[in-house]
Amino acid sequence: MDIACQPGLWTARVIRVFRIEIRITHGMKPCAFLLSLVSIALVGCATSTTSILRHYLEATDTGDRAALGRELAAMPPDDLLDAIRAMEFDANLEAGILERTLKYSDGFTRPYWVRIPENYDSSCSYPLIVELHGGTVVPADWGRAEIEKGWPEALETANVHDVILVGPCSDVEHTTKDAWWWRLGGCRIVTETLRDVKSFLNVDDDCVFVAGMSGGGCGCYMLAYRAADDFAAFLPYSADMLVPNTYGLPVWFENLKGANIRHIHGADDTHYKKERVVAIVEAANRAGASIDLKVYEGAGHERKFMIEHEYPRFLKDTVGVVRRNLLPESIDYVTDTPSSGRRAWLSIDELDADAPDDAGLGVSAPMETLNVVPDKPKLGLVPVMAKKNEPPVSPAKVYVVSFGGVAYRHGMREGDVIVSFNDVPVASGEELWAALDKLEWGQTVKFVIARGEERFSFEQKLEQGKLFQRDDSHLQARVVGRWHPGLVDIRTRNVKVLSVWVAPQMLDERGMLEICANGVSRYRAAPEPDTEMILSEFASTGDRKRPFVSRIVINLD
């Protein structure tokens, strides 16, 4: 219930305000005094609403949370927006490294680490950098290690200190391989970590950045492909932007349009060869991306050149300077699932292969331009391996089989046990991994595999070929949209239901908006602000600067 509906509290607030006012307005004319009194009382109301909002976010009892949610949803939209933007934060947090634990939506609890800057002032908002670690299965403290490797030195070198650093963890102690940064679960770990950080630190939502080396860099690209709305810029290094694709998750170069990406690579990187990375980046840029690629001669799969040169440059030229844009004039977006179907003001809510298509709009830009031979053969197979400082894992059990790879095409699946490789018995996952790392083109590989009591084998000559191509056999949907005040024009393919998320800037001078989809006018009205939608957006993201005040759902049937 709003404070204005609680007479006792309201009276007490007025008395308190009156006592303050009588001290500071002695000698003021009566009219000015009353205006000042009302002004401060209204500020008190906003403070009360902010308090209710804080209780709503922190409520653990579902009944209490629902009741508080109903109270907030009954407010005028402008009042709720004011309360969201006036959120207050703990003023007594100490600077330094803070460890937090969070139960994520996949059911696992993981730690993450936050570096709070010196002289942190809770009344000021701060830029934030998420640093994604490399590797797959990692120790629980890798999140801390990542924000202590180079960033503190770079902050000193760049003379930039007011930045929050966050180091989350992905597959901690084999929690789940879907948590790897280049998979959808990894994306959720990042976005859920951000939501938690924003609940207790004053973050500038328009100045959030993500960086990462190797697997972390691949995760930067995954976020750019499928969850870009939280970020102003991306800093992948020593990474390969097609890694998600090799694990069965399609990627689309169109989704990188408008993303601010600076990719740094070592010319002597043996893990991701320069020639391959350059060819992929060039192909993405031809499809509409604008990736800024810099290759360091004499550098390998490492971060030394990042610490010495790129971290300080990123801090000075990008952090606090580049801001995200949630109202781009045009959007070109592709997805295979509604869970990652939104980009800024446009979302694909339901896919349908039988939905009417706009003439000439394809599913996605072709990837056949990627006529590059991989530097060494990959079978698409990852065995289970031991945690750090533990003995090798025996037998050699399969942890991951990449969709469409050699192992997958021959029937190998996760959980299978490798009995022998090239007629040599395999004792452990580490032994198999070492053998796979020595493969060369033209070599023939032989596997004997156990699945329960069953045994089967396959043999394959490793012929050189193009990069693994995206599998376009399953349903994918695409939207291409533009807006200017008063009009949104959209073309679709394989889309049954979509939504336009409306910001005041998108309306004409009369407050009207027309939405056309595939040449047909689907909506023409003055959209009303939706308090429930505003609250839901804030609660799910912790983002206080999203400009959207209503949502228009368009069914294309």
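Residues numbered from 1 in each chain as written. Predicted model: local features only at pLDDT ≥ 70, side-chain atom pairs only at ≥ 80, totals over all residues. Heavy atoms only, no water.

Here we come to the confidence of the model for the protein. Per-residue confidence for the protein gives a mean pLDDT of 86; residues scoring 70 or more make up 86%. Confidence over residues 1–44 falls short of pLDDT 50; this stretch has 29 contacts with residues more than four positions distant or in other chains. (pLDDT = per-residue confidence, 0-100. Contact = heavy atoms within 4.5 Å.)

All right, on to the environment of Lys 257 then. Turning to its location among the elements, Lys 257 is positioned in the loop between helix H9 (243–246) and strand S9 (262–266). Look at Lys 257 and you get partly exposed, because its relative accessible area is 33%. The spatial distance from the C-alpha of Lys 257 to the C-alpha of Gly 288 is 5.6 Å, given a sequence separation of 31 residues. With residues up to four places along the chain from it excluded, the contact list for Lys 257 reads Ala 287, Gly 288, Ala 289 and Asp 332. At a separation of 2.8 Å, a polar atom in the side chain of Lys 257 contacts the side chain of Asp 332. (Helix = DSSP H or I, 4+ residues; strand = E, 2+ residues; numbered from the N terminus. Buried < 20%, exposed > 50% of the residue type's maximum accessible area, 1.4 Å probe, protein only. Polar contact = N/O pair within 3.5 Å; in protein donor to acceptor, adjacent residues only side chain to side chain.)

Attention shifts here to the nonpolar core. In terms of nonpolar packing, the biggest core is built from 108 residues, with Leu 53, Met 241, Trp 345 and Val 500 touching the most fellow members. Ranked by the residues each element gives to this core, the list is headed by helix H8 (residues 215–226), at seven residues. With residues near it in sequence (within four places) discarded, Val 500 still touches Trp 345, Leu 346, Val 488, Ile 490, Met 506, Ile 515, Ser 550, Arg 551 and Ile 552. (Core = buried A, V, L, I, M, F, W, Y, C linked by side-chain atoms within 4.5 Å.)

Quantified by volume, the second largest pocket comes out at close to 800 Å³. Together, 29 residues line the second largest pocket, and Thr 191, Ser 339, Arg 342, Thr 541 and Arg 546 are the ones closest to its centre. At the level of secondary structure, the elements contributing two or more residues to the lining of the second largest pocket comprise helix H7 (184–200), strand S13 (346–351) and helix H14 (531–541). A total of eight residues in the lining of the second largest pocket trace back to one element, the largest contributor, which is H7. Within the lining of the second largest pocket, the residues separate by chemical class into nine nonpolar, eight polar and 12 charged. (1 Å grid on protein atoms, 1.4 Å probe; cavity = no way out; pocket = protein on both sides within 12 Å on 5 of 7 lines; lining within 4 Å. Points joined across faces, edges and corners; volume = space filled by probe spheres on them. Nonpolar A, V, L, I, M, F, W, Y, C, P; charged D, E, K, R; others polar.)

Turning to the side chain of Thr 335, a few remarks are in order. With respect to the helices and strands, the residue Thr 335 is situated in strand S11 (residues 330–335). Under the relative-accessibility criterion, Thr 335 is labelled buried at 0%. Contacts of Thr 335, omitting those with residues within four sequence positions, involve Arg 226, Trp 252, Ser 340, Gly 341, Ile 348, Leu 351, Gln 476 and Ala 477.

A complete count under the given rule lists two cavities of 30 Å³ or more for this structure. If you add up the space inside the largest cavity, you get close to 90 Å³. Contributing to the lining of the largest cavity are Leu 81, Ile 84, Ile 534, Glu 537, Phe 538, Asp 543, Arg 544, Lys 545, Arg 546 and Phe 548. Those elements that place two or more of their residues in the lining of the largest cavity are helix H4 (77–85) and H14. No other element matches H14, which puts three residues into the lining of the largest cavity.

This part is about the pattern of salt bridges. Tallied over the full model, the rule gives 34 salt bridges. Put simply, Arg 510 and Asp 508 hold a salt bridge, and the shortest N to O gap is 3.2 Å. The network of salt bridges with shared partners includes Asp 204, Asp 206, Asp 230, Arg 323, Arg 324, Arg 342, Glu 537, Asp 543, Lys 545 and Arg 546. (Salt bridge = Lys/Arg side-chain N within 4 Å of Asp/Glu carboxyl O.)

The next subject is the packing of aromatic side chains. Under the definition given, this model contains 11 aromatic pairs. Relative to Tyr 225, the ring of Tyr 221 has its centre 6.5 Å away and its plane inclined at 35°; by these criteria the two rings are tilted. Note that Tyr 221 and Tyr 225 are positioned in helix H8 at a spacing of four residues, about one turn of the helix. Its guanidinium or amino end placed over the ring of Tyr 296, Lys 294 lies 4.9 Å from that ring's centre, counting from NZ or CZ. (Phe/Tyr/Trp six-rings, centres within 6.5 Å; stacked < 30°, edge-to-face > 60°. Lys NZ or Arg CZ within 6 Å of the ring centre and 35° of its normal.)

Further remarks concern helix H10 (residues 274–286). Helix length check: H10, at 13 residues, gives a terminal C-alpha distance of 18 Å against a target of 18 Å (1.5 Å per residue), a fit within 8%. Residues Arg 276, Val 277, Ala 279, Ile 280, Val 281, Ala 283 and Ala 284 constitute the buried set of H10. Just beyond H10, the residue with positive phi is Gly 288, at close to 120°. (Expected span 1.5 Å × (residues − 1).)

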